[in-house]
Amino acid sequence: MRTVVANLKGGTGKSTVAFNLGLWLLEGRRRVLAVDLDPQCTLSDALEVRQEEGFEPALDVTSDLESAQAHEGDYDEILIDVGASDMAALMAAVEGADRVLIPVPPSQADVWATYRFVTRILEQRGNRNRPEILAFINRADTHTAVRESDETCSALEQIEGVRLLQPRLKQRMAFRRSFSEGLSVHELEPRGKAAAELDALAVAVFGGRRQ
Ligand SMILES: Nc1ncnc2c1ncn2[C@@H]1O[C@H](COP(=O)(O)OP(=O)(O)OP(=O)(O)O)[C@@H](O)[C@H]1O
Ligand SMILES: [Mg+2]
């Protein structure tokens, strides 16, 4: 299955989520290839930190979509992180994908950006049913009194063509650290809240449990 983690807006957590989902799949013994199509190369940088630190298992990464396609049969899952700056590259990655996973921070601006993105995907998709469009809340506020995440969920539910995943990732230091240290949130804090949230999200996207 080919999954593109994408969003029209920058800084929504695409690379953080691609990194952690990739490692989650690896930990579940699935063969996964990460594809970094972002000229910023954030995902590749995080994986380089992981490699330099000697953390195992290693996650295969390429920045070449064509080569990823050529080796697709060697992997169970292909996970693509694509930058928001190059619209043509973004929509080309969406074209061949089985699903698009959209991390949405809880704000009105992010709902609008998601709506625009979904409209573009649906236009491109025409009468095909692939890629499936999945969205979830990333960087939700940890204070229950803040209603923005619930409001964002309600707004996302109104967007036709989107399947809203219920698991949310909250704004947590573990996600920041995981990325800069080259470790998944599971490896950092196996019993932490970030790991539990990531687990729930990964199960919603890929199905199955970690082994
Ligand atoms: N759930 C979270 N909790 C705390 N920090 C987060 C979370 N998700 C992402 N971040 C932080 O937000 C910042 C942006 O995340 P990231 O680089 O993954 O976003 P992006 O969408 O890939 O950005 P870009 O559009 O620049 O590629 C990073 O500093 C990351 O550590
Ligand atoms: Mg990124």
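Residues numbered from 1 in each chain as written. Chains lettered and ligands numbered in written order. Predicted model: local features only at pLDDT ≥ 70, side-chain atom pairs only at ≥ 80, totals over all residues. Heavy atoms only, no water.

J.: Please clarify how the packing of aromatic side chains should be interpreted in this entry.
T.: Here a ring pair, both rings aromatic, is described through the centre-centre distance and the interplanar angle of the planes. The full count for this structure, using the stated rule, is two aromatic pairs. Summarising the aromatic geometry, the rings of tryptophan 24 and phenylalanine 206 are spaced 6.4 Å apart at their centres and angled 20° between planes, so their arrangement reads as stacked. On the criterion of sequence distance, the pair formed by tryptophan 24 in helix H1 (residues 14-27) and phenylalanine 206 in helix H9 (residues 193-206) is long-range, its members being 182 residues apart. For phenylalanine 206, a relative accessible area of 11% gives the class buried. (Phe/Tyr/Trp six-rings, centres within 6.5 Å; stacked < 30°, edge-to-face > 60°. Helix = DSSP H or I, 4+ residues; strand = E, 2+ residues; numbered from the N terminus. Buried < 20%, exposed > 50% of the residue type's maximum accessible area, 1.4 Å probe, protein only.)

J.: Which parts of the structure should I look at to understand the packing of H1 against H9?
T.: Packed helices, taken two at a time, are described by the angle their axes make and the gap between the axes. Interhelical geometry of H1 versus H9 gives an angle of 75° and a closest axis separation of 10 Å. Judged by the inter-axis angle, H1 sits roughly perpendicular to H9. Of H9, the residues touching H1 (which contributes Asn20, Leu21, Trp24 and Leu25) are Leu198, Asp199, Ala202, Val203 and Phe206. Across the contact of H1 with H9, the residue classes break down as seven nonpolar, one polar and one charged. (Axes fitted to C-alpha atoms, helices over the stretch in contact; angles between N-to-C directions. Parallel < 35°, antiparallel > 145°, perpendicular 65-115°, else oblique. Contact = heavy atoms within 4.5 Å. Nonpolar A, V, L, I, M, F, W, Y, C, P; charged D, E, K, R; others polar.)

J.: What am I meant to see in helix H7 (residues 173-181) here?
T.: Helical geometry note: an α-helix holds 3.6 residues per turn, so side chains three or four residues apart project in the same direction. Turning to H7, its buried residues number three or more, namely Ala174, Phe175, Ser178 and Phe179. Mapping the buried residues of H7 onto a view down its axis gives an arc of 130°, with all of them on the same face. Facing away from the buried side of H7 by over 90 degrees, the exposed positions are Met173, Arg176 and Ser180. Against H1, helix H2 (42-52), helix H8 (185-188) and H9 lie the buried residues of H7. The first or second residue beyond H7 is glycine 182, which carries a positive phi of 75°. (Arc of directions from axis to C-beta.)

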